[in-house]
Amino acid sequence: MATVGKVIKCRAAVAWEPNAPLVMEEIEVAPPEEGEIRIKVVATGVCHTDLYHLFEGQQTRGFPTVLGHEGAGVVESVGPGVTGFKPGDKVIPLFLSQCGECRFCKCPKTNLCDRSWSSKYYDVMSDPTSRFTCRGQPILQFMGTSTFSDYTVINQIAVAKIRDDAPLDRVCLLGCGIATGYGAAVNTAGVTPGSVCAVFGLGAVGLAAVMGCKNAGASRIFAVDINEQKFEMAKVFGATDFVNPKSYNKPVSEVLGEITNGGVDFSLECVGNTAVMRSALESCVKGWGVSVLVGWTDVTDFSARPIQLISGKTWKGSLFGGFKSKDSVPGLVQDYMSGKIKLDEFITHNMSLEQVNDAINLMKTGKCIRTILNVSK
């Protein structure tokens, strides 16, 4: 209670500019305002979308910022008008909000929300409103969350309350990567029992997609990656077959087509590479094949021959696995606690917040699946 209503000075890893290491700084975190919640961050994963903004997004206006969007923590204080949350609650910040009132939230066909930062500011990946300052200047809150900080302030429409016994250094992964890949399979693709699937890219999102295909009852799951060291991990999540595109002198879509007598029923692209997106589509069987774009990118166009769709294939995109965030994340936590979905197996490294640049380098070089940063006790 000593900090309620006061500015908190704390540690954060600040990205002052793109293509540069993060800098540990003392920042000021303002008290929550109307409808906002201030959260003490306990743990956070390092997701490729953080690296995308730092190294690939080519958007200088999105800086300085505090990255991190795959976190979990405890409510420190709430602002006026907040309902359903109180200090001490365990929560997961959400990069995709759910206001419950806009046309998208009211529609069961989508999980988009008109009040999300992504509706207007997807290019800089932040809302211009921020409760952070450092060295006398405002610091953006990446994707509305900024979990590479001891404390953060988030609108209540972008926070999910979870059960009190959930381990925060595990369920933090449900704030982005695992929910994204898993939901892309079970929700967006709609994988059916007995079907044949292919997952392109075996990072955390791709492995979660493999897990989704398995839980949905797929009979055969092809794990596709140029790094064969990831195949053993894919087997843990349910992959049955393994393909390295570099091992063949023909397109991987032809390879899969020959193995499966025409192509797979469902393919999921979990890399964020437009060439791989096309390969995933072309790997689907004509007539009913469904291919889902899951990897995040916005720097290049993608293309395909119209006959791919005219012949009956479907090309879809998936954001946060199609899950309506506030409604679904508590249920995903329950699924983990009951053993329906895996989380522990994704974690290859545990580090401190001060080691964030080491964690980023591990992901950049493909030497980890998920690194958990232990932010505070």
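What about the environment of Leu281?
- By secondary structure assignment, the location of Leu281 is in helix H8 (residues 274-282).
- Between the C-alpha atoms of Leu281 and Glu269, which are 12 residues apart in sequence, the distance is 8.7 Å.
- Those residues in contact with Leu281 that lie beyond four places of it in its chain are Ser267, Ser291, Ala304, Gln308, Leu309, Lys313, Thr314 and Trp315.

Concerning the packing of aromatic side chains
- In the structure shown here, the tally under the stated rule is 4 aromatic pairs.
- For the ring pair Phe231 and Phe242, a centre distance of 5.3 Å and an interplane angle of 35° mean the geometry is tilted. You can see Phe231 sitting in helix H6 (residues 231-237) and its partner Phe242 sitting in strand E13 (residues 241-243), a full 11 residues away along the chain.
- The class for Phe231 is buried, based on a relative accessible area of 11%.
- Consider the rings of Phe237 and Phe346, whose centres lie 4.3 Å apart with planes at 35°: the pair is tilted. Placement of Phe237 in helix H6 and of Phe346 in the loop between helix H10 (325-337) and strand E17 (347-352) is noted, with a sequence separation of 109 residues between them. An identical accessibility class is assigned to Phe237 and Phe346; each is buried.
- The lysine or arginine in question, Arg103, covers the ring of Phe104, its NZ or CZ lying 5.6 Å from the ring centre.
- Directly above the aromatic system of Phe55 lies the positively charged group of Lys364, at a separation of 3.9 Å from the ring centroid.

Basis of the calculations
Residues numbered from 1 in each chain as written. Predicted model: local features only at pLDDT ≥ 70, side-chain atom pairs only at ≥ 80, totals over all residues. Heavy atoms only, no water. Helix = DSSP H or I, 4+ residues; strand = E, 2+ residues; numbered from the N terminus. Contact = heavy atoms within 4.5 Å. Phe/Tyr/Trp six-rings, centres within 6.5 Å; stacked < 30°, edge-to-face > 60°. Buried < 20%, exposed > 50% of the residue type's maximum accessible area, 1.4 Å probe, protein only. Lys NZ or Arg CZ within 6 Å of the ring centre and 35° of its normal.

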